[in-house]
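Descriptive structure summary
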Amino acid sequence: MPEIRVDDALPVPLPDPVRAALVAPMVDHHCHGVRRDDLSRSEFETLITEAGTPAPPGTTHFDTPAGMAIRRWCAPALDLEPHVSPAVYLSRRAELGAAEVNRRLLRKAGIAAFLVDTGLDRPELLSAAEMGRTGGAAADEVVRLEQIEQEVATAGLSAVGYVKALRDELAVRAARAVGLKSIAAYRCGLGFDPSRPSRGAVIASAGRRLSDPKERLTDPVLVRHLLWAAVDVARERSLPLQFHCGYGDADLDLHRSDPSLLTGFIRAVAPSGMPVVLLHCYPFHRQAAYLAAVFPHVYVDVGLALTYTAAGSAAVLREMLELVPFHKQMFSSDCYGVAELCLLGAVYHRRGLARVLADRIAEGEWSAADAARIAHMIGSGNARRVYRL
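A brief look at the structure comes next. Predicted, not measured: the structure shown is a model, and the values here were computed from it.

Moving on, we get to the packing of aromatic side chains. The tally for this structure, following the rule as stated, stands at eight aromatic pairs. Plain terms: the ring middles of Phe 44 and Tyr 89 are 6.3 Å apart, the flat faces sit at 50° to each other, and that makes the pair tilted. Taken together, the residues Phe 44 in helix H2 (residues 41-47) and Tyr 89 in helix H4 (residues 86-96) connect sequence positions 45 residues apart. In this structure an aromatic cluster arises from ring pairing among Phe 192, Trp 228, Phe 243 and Phe 265. Taking the ring centre of Tyr 299 as reference, the NZ or CZ of Lys 328 above it sits at 5.4 Å. Lying over the aromatic face of Trp 366, Arg 360 brings its terminal NZ or CZ to 5.5 Å of the ring centre.

Written out as structure tokens, the structure reads:
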């Protein structure tokens, strides 16, 4: 069957300039590598949910908003009719092979540049460069702070050596990156003391940390030290710092990932001029919109919420756009593991934003020219400015 084009996925009539802005190539400012190997059904199903576990006996993760969306929007890219059964979809996926599936789905998403979080550095995942080549796009690295800290902690250093090595390694890695990222929400929550810790407190905590360096970093003092070291490096190199906020996997205590908990840190780093980028944010996207509205250095997206709410994603975008300045919102898919998640993120960003823009134009609130300009800013313009692409 003929493949559905990007512009065919838009659900409402729109003036030509707005339609063109929505279907233009976007910058996916936060994503991960996808698997290079062929997957079993159980492996595939585990990768299309943040649960990270199989569905309960007698059920399937295809019976989710994202699972239904894969059958609707990804099937045509594999030469299948929309809504084919999961078994038919996965059979065709296996027939084509991972390399061809990844190529088709990543290119179908209409991405001009992938900014890849390389913190999940596993051999079965495509690297940033491979994501770019496979997707026919540019690609750059976003460095995960906690990965660097883990490498330094396991290097057999003294507590004093740890402090110096962490700063040095951050500088080296930042030199070839377009941004930095923290998953403090997973480690100690976002409600940490925003002040820079004293050197004495850091060295004392480092001593305890180095007694068992293979454990994940959870010490709030060292998390704060890591973040402030990142602020110093980001300021020197004019890089933004991303924070995971809101929706994530089962390791996350959701209430500790509310971006409003970062308010003190956001105030504290304001003099540095470093952009702070709040990722995902759902179900706290209204709090994130507020922070972007009142702090000039704060930017937001709704990321993987678009994929996992799927047909309901327009409501999420509508709520974000109630307050967020339009020059502060960006697009990301947060795809990981399977390329389907990249395509769905792009599809539901375009479909959801199309509905919101159509309503604003119909109500006489926005002109078509303004709607087109806003679609371009959110899709790529803001990311190109913030990440200096």
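Right, let's get into the sheet that holds strand E6 (residues 276-280). Strands sit in the order E1-E2-E3-E4-E5-E6-E7 across an open sheet of seven strands; the sheet is parallel. Strands at the two margins of the open sheet, each flanked by one partner only, are strand E1 (26-31) and strand E7 (298-300). Averaged over all pairs of adjacent strands, the angle between their axes in this sheet comes to 25°, without regard to strand direction. As defined by bridge partners, strand E2 (residues 111-117) adjoins strand E3 (residues 138-144) across five bridges and the pair is classed as parallel. Paired with Phe 114 across the two strands is Ala 139, which belongs to E3.

Further remarks concern the pairing of E1. In terms of residue burial, E1 counts as a mostly covered element, since six of its six residues are buried. Pairing geometry for E1 and E2, over four bridges, is parallel. Directly across from Asp 28, in E2, lies its bridge partner Phe 114.

Reading the values: rules and limits
Residue numbers here run from 1 along each chain, matching the order of that chain's written sequence. Local features in this predicted model are restricted to residues of pLDDT 70 or higher, and side-chain atom pairs are both shown and tallied only at a pLDDT of 80 or more, whereas totals for entire chains, interfaces and linings draw on every residue. Computation of side-chain values: all heavy atoms of the structure, hydrogens and water removed. Put simply, two rings from Phe, Tyr or Trp (the six-membered ring, in Trp's case) pair if the centres are within 6.5 Å, and we call them stacked under 30 degrees between planes, edge-to-face over 60, tilted for the rest. Secondary structure elements are defined from DSSP: runs of H or I of at least 4 residues count as helices, runs of E of at least 2 residues count as strands, and each element is numbered from the N terminus. Any Lys NZ or Arg CZ found within 6 Å of a ring centre and within 35 degrees of that ring's normal is scored as a charge over the ring. When DSSP finds at least two bridges between two strands, those strands are taken to pair. Note on definitions: angles span 0 to 180 degrees between N-to-C directions of axes, and those axes are lines fitted to C-alpha atoms, for helices only across the stretch in contact. The buried label goes to any residue with under 20% of its type's maximum accessible area, the exposed label to any with over 50%, and the partly exposed label to all in between, with areas taken from a 1.4 Å probe on protein chains only.

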